[in-house]
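Notes for the structure review
Below are the chains, spelled out letter by letter.
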Amino acid sequence: MDFDVVVVGGGTAGLTAAMMLARAHRRVLVLDAGEPRNAPSAHLHGFLGQDGTPPAELLATGRAEVARYGGELRAERVHTIEPAEGGFRVRLSTEDLTSRNLVVATGLRDELPEIGGLRERWGRDVLHCPYCHGHEVRDSPIAVLGGDNRPFTLHQAVLIRQWSADVVFFPHRIVLTEPERERLSARGIRVIEGEVARVRTEEDRVSAVELADGRVEPRRAVFVGPRFLPRDELLTKLGCRVGDNGWVSVDGAGRTSVPGVWAAGNVVSESAQAIQAAAAGSVTAIAINHHLLAEDIERELAVLRG
């Protein structure tokens, strides 16, 4: 085998797993296509000791740490992974590699409602996580837009009220029930009905929400609930079991249903923030090392007895 572990995905979860495994003197390779989910964000928050750090800076530091401990990193996209004797064959555009175990940490993608201006401002002042960005837009006029992720959006609307007294909910194409309206009213949240046409900007910042009938509501920040779509094609093609929730199932250590295949971070958890992804990567790395250790001992015992 070329490597003990190949890590697919060089985000927070993948780099943490790789660093821990490299520190354990395992032969580790990180393969990363260079498409981090949080690239549009200027800063990350809620990560103890790293609060306010630009995401690109955190990843650059992580890559340097992996390399410092002897891990290898390549900017490569994985095309396919196949079972092979003693592990797996990882197919790249230029060559094939083999590895005893795999960590898939390819994250997820955010599918936004088809509303003009959302994608252009995404991660700046069009946001989805108040724990990540709520403090930065506190006490400003905030809009919450209805999207396909109905439960998330409705919870988001009542939650955002903690950061601002001026919150307007635009159901867009969501038809609210009376109990839902009552909850919004109890939180002091105004509801403006009608289809949203676009988010307006002025001087490189959100300025208003415009409805299809021409009404305009001045706002300074917009929260929206995307659909979270895991980038789990490598896992599902390997036959990893998918749970009733539509996500690949893992145990508490990131172990999938396919022996030797592990997953960590947003690819198996829509709610994992950067600090949670890092923790998951660390837990998975330790579990993999123990798994490989058991295999090593069995092989060494066979030699001793042979």
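Relevant structure appears above.
To start, this report covers the structure provided alongside it. No experiment lies behind these values; they were computed from the predicted model shown.

1. Comments concerning the sheet that holds strand 11 (residues 190-191)
- An order of 8-15-9-10-11 is seen for the five strands of this open sheet, with the pairing classed as parallel. For this open sheet the edge positions go to strand 8 (126-127) and strand 11, each flanked by a neighbour on one side alone.
- Pairing geometry for strand 9 (residues 142-145) and strand 15 (residues 221-224), over four bridges, is parallel. For V144, the partnering residue across the bridge sits in strand 15 and is F223.
- Contacting strand 8, strand 9, strand 10 (167-170) and strand 15, helix 5 (residues 150-160) crosses the sheet at an angle of about 165 degrees to strand 9.

2. Considerations on the sheet that holds strand 12 (residues 196-201)
- Spatially, 12-13-14 is the arrangement adopted by the three strands of the open sheet, whose pairing is antiparallel. The sheet is open, and its two edges are formed by strand 12 and strand 14 (216-218), each paired on a single side. Neighbour to neighbour, the strand axes of the sheet diverge by 20 degrees on average, direction disregarded.
- Looking at chain direction, strand 12 and strand 13 (residues 206-211) are connected through five bridges and run antiparallel. Its bridge partner being in strand 13, V196 is matched across the sheet by L211.

3. Examining the environment of E82
- Here E82 is to be found in strand 4 (residues 80-84).
- For E82 and V144, which are 62 residues apart along the polypeptide, the C-alpha to C-alpha distance reads 44 Å.
- In this structure, E82 is in contact with F88, R89 and R91, ignoring residues within four places of it in sequence.
- A distance of 2.9 Å separates the side chain of E82 from the side chain of R91, its partner in a polar contact.

4. Thoughts on the packing of helix 5 against helix 6 (residues 178-186)
- With their axes 9 Å apart at the nearest point, helix 5 and helix 6 run at an angle of 25 degrees to one another. As the angle between them shows, helix 5 and helix 6 are arranged roughly parallel. Across the interface between the two elements, R150, L154, A157 and V158 from helix 5 touch E180, R183 and L184 from helix 6.
- Class assignment for the residues of the contact of helix 5 with helix 6 results in four nonpolar, no polar and three charged.

5. A short note on the nonpolar core
- Counting residues in hydrophobic clusters, the biggest one holds 23 residues, and the most contacted among them are V6, V78, I81, V90, L102, L235 and V261.
- When residues of this core are traced back to their parent elements, those giving at least two are strand 1 (3-8), strand 2 (28-31), strand 5 (87-91), strand 6 (96-104), helix 7 (233-237) and strand 17 (261-263).
- Once you skip the residues sitting within four places of it in the chain, V261 turns out to touch F88, L102, L235, L238, C240, G254, R255 and T256.

6. Thoughts on unusual backbone geometry
- Notably, H172 is not glycine yet its phi reads approximately 60 degrees, a positive angle.
- Inspection of the secondary structure puts H172 in the loop between strand 10 and helix 6.
- For E203, which is not glycine, the phi torsion reads 55 degrees and is therefore positive.
- When you line up the elements, E203 lands in the loop between strand 12 and strand 13.
- In this structure E203 comes out as exposed when scored by relative accessible area, which is 75%.

7. A word on the packing of helix 1 (residues 12-23) against helix 8 (residues 274-305)
- Where helix 1 contacts helix 8, the axes come no closer than 7 Å and their chain directions differ by 35 degrees. Crossing of helix 1 over helix 8 shows right-handed handedness. Residues T12, A13, T16, A17, M20 and L21 of helix 1 lie in contact with helix 8, whose contacting residues are A274, A277, A278, G281, S282, A285, I286, I288 and N289.
- In terms of residue class, the contact of helix 1 with helix 8 is built from ten nonpolar, five polar and no charged.

What counts and how
Residues numbered from 1 in each chain as written. Predicted model: local features only at pLDDT ≥ 70, side-chain atom pairs only at ≥ 80, totals over all residues. Heavy atoms only, no water. Pairing = 2+ DSSP bridges. Helix = DSSP H or I, 4+ residues; strand = E, 2+ residues; numbered from the N terminus. Contact = heavy atoms within 4.5 Å. Axes fitted to C-alpha atoms, helices over the stretch in contact; angles between N-to-C directions. Polar contact = N/O pair within 3.5 Å; in protein donor to acceptor, adjacent residues only side chain to side chain. Parallel < 35°, antiparallel > 145°, perpendicular 65-115°, else oblique. Nonpolar A, V, L, I, M, F, W, Y, C, P; charged D, E, K, R; others polar. Core = buried A, V, L, I, M, F, W, Y, C linked by side-chain atoms within 4.5 Å. Buried < 20%, exposed > 50% of the residue type's maximum accessible area, 1.4 Å probe, protein only. Left-handed = near helix turned anticlockwise from the far one by under 90°.

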